[in-house]
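# Coordinates in review
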Amino acid sequence: MENIVITRYQVHDIRFPTSEHLDGSDAMNKDPDYSAAYVVFYTNTRLEGHGMTFTLGRGNEVCCTAIEALASKFINKSLKALVTDMYTTHRMCTSDSQLRWIGPEKGAIHLATGAVINALWDLWAKAEQKPVWKLVVDLTPEQFVSLIDFRYITDALTEQEALSILRENASTKAIRETEMREQGYPAYTTSAGWLGYSDEKVKALCREAKEKGFTHFKQKVGSDKQMDIRRAALIRSEIGEEGVLMMDANQVWDVQEAIEWMEDLLPFKPLFIEEPTSPDDVLGHAAIRKALYPRTGVATGEHIQNRVIFKQLFQANAIDFCQIDACRVGGVNEVLAILLMARKFNVPVCPHAGGVGLCEYVQHLSLIDYICVSATTQGRVLEYVDHLHEHFVEPVVIKNGRYVAPLGSGYSIQMKSKSMEDYAFPTGVIHRYKAL
């Protein structure tokens, strides 16, 4: 790592036409084309750093432009200098006063921050010949805390509190690491519950998932209540009373509407309702939880824009499950802050992974959470969707309903060159063929 220097970068607009089969469809997002605003940092060696943020198609070009604005900051920078002070490196993206104005720390510029920072983590881990999760696990509590920007969250979590959490678990990290290497991390499936699927397809996918060892299943809701009731009954009959059912409204409801709609779905015993209303409405989430808990929980996170909103959700006792997203917030550094706050407030972390590349990313984050921060998998399960993994050099591996710990160097996010070429928008062969 001593002599590695970033020499150039390249940004790619990559889009997969998943809307053709309604993969990923829900009450809010009816025709998603899973897409990646993707960046590669090249160096004076053969090592490359890959990162991406996830979108649903149109708008990917906006994120790509934002990535261009940030990635240029790192040209001719030494990797050692960047990772020795990752706090400052992260602020190179979040504290540029002119770019910050179009955030701050939210929206397209923060999605771009996630892509760029994650690409640097990928490069760092490759230089150390470790997966990202192992790179973090091998840090001391002091090194871990030095990665985090505590600005705006010290009223919820201080550096000293963070150190105390990490030190409490430090002596037993090796035990949990061995467990994860041998057993993997528990997963749940969303692939059986997309809103646009037929009942017959949902039945078949539930049975297939059960055969693969899954015990937790998620259903998309919120478009039509009677259809939701019928679909919930169908899924419950397929997974049995021992199966765990979750529900996801993808932000489609007002607060009172969410409460009333869920009252009719409670007989099917959902573990939680995910994104019941606007992700920015902290008090709305709190009101929904007050009305529904303990009959069901409230979960959110995939659209929570930064650590500050997560802080408020924790402080307001508004959620029962924290669903971090690997690139909605500003990359690994900001995720670490959220993991620590979740631990302090005793809220289980169940990451969001419904999108291209997100499973590859978040498997690392759940391992970090378990080994370093929470020290438990109780009440925790990691989302899995069975889409597009074939496009990655080191795709996720699921065995008996659990994520197998990734062992390759980096962040598991490097896409195959052929896939990047074929699905490049609008020039790739897939998009040129569609246009005919």
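This text follows the structure it describes.
## Points about the pairing of strand β6 (residues 244–248)
- For β6, the buried fraction is high: 4 of the 5 residues fall into the buried class.
- For the handedness criterion, the β-α-β arrangement of strand β5 (residues 216–220), helix α11 (residues 225–239) and β6 is classed as right-handed.
- Of the pairings in the sheet, the one linking β6 to strand β7 (residues 270–274) comprises 3 bridges and is parallel in character. Looking across to β7, one finds that L245 is bridged to P270.
- A crossover links β6 with its parallel partner β7, the connecting element being helix α12 (residues 255–263), and its sense is right-handed.

## Some points on the side chain of D369
- By the secondary structure assignment, D369 is in helix α16 (residues 358–374).
- Using a relative accessible area of 2% as the deciding quantity, one classes D369 as buried.
- Contacts of D369, omitting those with residues within four sequence positions, involve L339, V349, S374, A375 and R380.

## As for unusual backbone geometry
- Of note, the bond from Y293 into P294 is cis; its omega dihedral lies within 30 degrees of zero at 10°.
- Along the chain, the position of P294 falls in the loop between α13 (282–292) and β8 (297–300).
- You will see that L22, though not glycine, has its phi angle at about 60°, which is positive.
- In this structure, L22 sits in the loop between β1 (6–15) and β2 (35–43).
- The backbone of S412 sits at a positive phi, close to 65°, despite the residue not being glycine.
- Here S412 shows up in the loop between β12 (402–403) and α17 (417–422).
- Among the residues examined, S412 registers a relative accessible area of 5% and is labelled buried.

## Examining helix α8 (residues 159–170)
- In this model α8 runs 16 Å from its N-terminal to its C-terminal C-alpha over 12 residues, within 8% of the 16 Å that 1.5 Å per residue would give.
- Considered for burial, the residues of α8 that qualify are A162, L163, I165, L166 and N169. Projected down its long axis, α8 carries its buried residues within an arc of 160°, all on one side.
- The inward-facing, buried residues of α8 contact α7 (141–146), α9 (173–183), α15 (332–344) and α16.

## Concerning the packing of α15 against α16
- Close contact between α15 and α16 brings their axes to 11 Å; oriented N to C, the two are set at 50°. The pairing of α15 with α16 is recorded here as oblique in orientation. By crossing handedness, the relation of α15 to α16 is classed as right-handed. Touching V335, L336, L339, L340 and R343 of α15 are L365, I368, D369, V373 and S374, all from α16.

## Observations concerning the state of the cysteines
- Under the counting rule described, the total for this entry stands at 0 disulfides.
- Note on C63: no disulfide assigned, nearest cysteine sulfur contributed by C64 at a separation of 7.2 Å.
- Distance from the sulfur of C350, which forms no disulfide, to the nearest cysteine sulfur (C322) is 8.6 Å.
- Residue classification places C350 among the buried positions, given a relative accessible area of 1%.

## Observations concerning the packing of aromatic side chains
- Scanning the entire structure with this criterion turns up 11 aromatic pairs.
- Measuring from centroid to centroid gives 5.2 Å for F272 and F321, while their planes differ by 50°, and the two rings are tilted. Of this pair, F272 sits in strand β7 while F321 sits in strand β9 (residues 321–322); the two residues are 49 residues apart in sequence, bridging distant segments of the chain.
- Judged by relative accessible area, F272 falls into the buried class, the value being 1%.

## Some points on the layout of surface pockets
- One number sums up the size of the largest pocket: a volume of about 360 Å³.
- What lines the largest pocket is a set of 26 residues, among which N29, F54, L56, E302 and H303 lie closest to the centre.
- Among the secondary structure elements, those contributing two or more residues to the lining of the largest pocket are β3 (48–55) and β5.
- Of all the elements, β3 adds the most residues to the lining of the largest pocket, at 3 residues.
- Of the residues contributing to the lining of the largest pocket, the split by class is 8 nonpolar, 9 polar and 9 charged.

## Topic: the environment of G196
- By secondary structure assignment, the location of G196 is in the loop between β4 (185–189) and α10 (199–211).
- With a relative accessible area of 36%, G196 lands in the partly exposed category.
- Considered as a pair, G196 and S19 are 177 residues apart in the sequence and their alpha carbons are 9.8 Å apart.

## Topic: the pattern of salt bridges
- Evaluated as defined, the whole model comprises 34 salt bridges.
- Here D13 makes a salt bridge to R15, at a shortest N to O gap of 2.9 Å.
- Taking the relative accessible area as the measure of exposure, D13 reaches 14% and is therefore buried.
- Of the charged contacts, one joins D149 and R91 as a salt bridge, the two residues approaching to 2.9 Å between their closest N and O atoms.

## Quick notes on the side chain of D96
- Within the secondary structure, D96 sits in the loop between α3 (86–94) and α4 (97–100).
- One polar contact links the side chain of D96 to the main-chain amide nitrogen of L99, over a distance of 3.1 Å.
- Excluding residues within four positions of it along the chain, D96 makes contact with K73 and R91.

Rules behind the numbers
- Residues numbered from 1 in each chain as written.
- Predicted model: local features only at pLDDT ≥ 70, side-chain atom pairs only at ≥ 80, totals over all residues.
- Heavy atoms only, no water.
- Buried < 20%, exposed > 50% of the residue type's maximum accessible area, 1.4 Å probe, protein only.
- Helix = DSSP H or I, 4+ residues; strand = E, 2+ residues; numbered from the N terminus.
- Right-handed = clockwise from strand over helix to strand, strands pointing away.
- Pairing = 2+ DSSP bridges.
- Contact = heavy atoms within 4.5 Å.
- Expected span 1.5 Å × (residues − 1).
- Arc of directions from axis to C-beta.
- Axes fitted to C-alpha atoms, helices over the stretch in contact; angles between N-to-C directions.
- Parallel < 35°, antiparallel > 145°, perpendicular 65-115°, else oblique.
- Left-handed = near helix turned anticlockwise from the far one by under 90°.
- Disulfide = S-S within 2.5 Å.
- Phe/Tyr/Trp six-rings, centres within 6.5 Å; stacked < 30°, edge-to-face > 60°.
- 1 Å grid on protein atoms, 1.4 Å probe; cavity = no way out; pocket = protein on both sides within 12 Å on 5 of 7 lines; lining within 4 Å.
- Points joined across faces, edges and corners; volume = space filled by probe spheres on them.
- Nonpolar A, V, L, I, M, F, W, Y, C, P; charged D, E, K, R; others polar.
- Salt bridge = Lys/Arg side-chain N within 4 Å of Asp/Glu carboxyl O.
- Polar contact = N/O pair within 3.5 Å; in protein donor to acceptor, adjacent residues only side chain to side chain.

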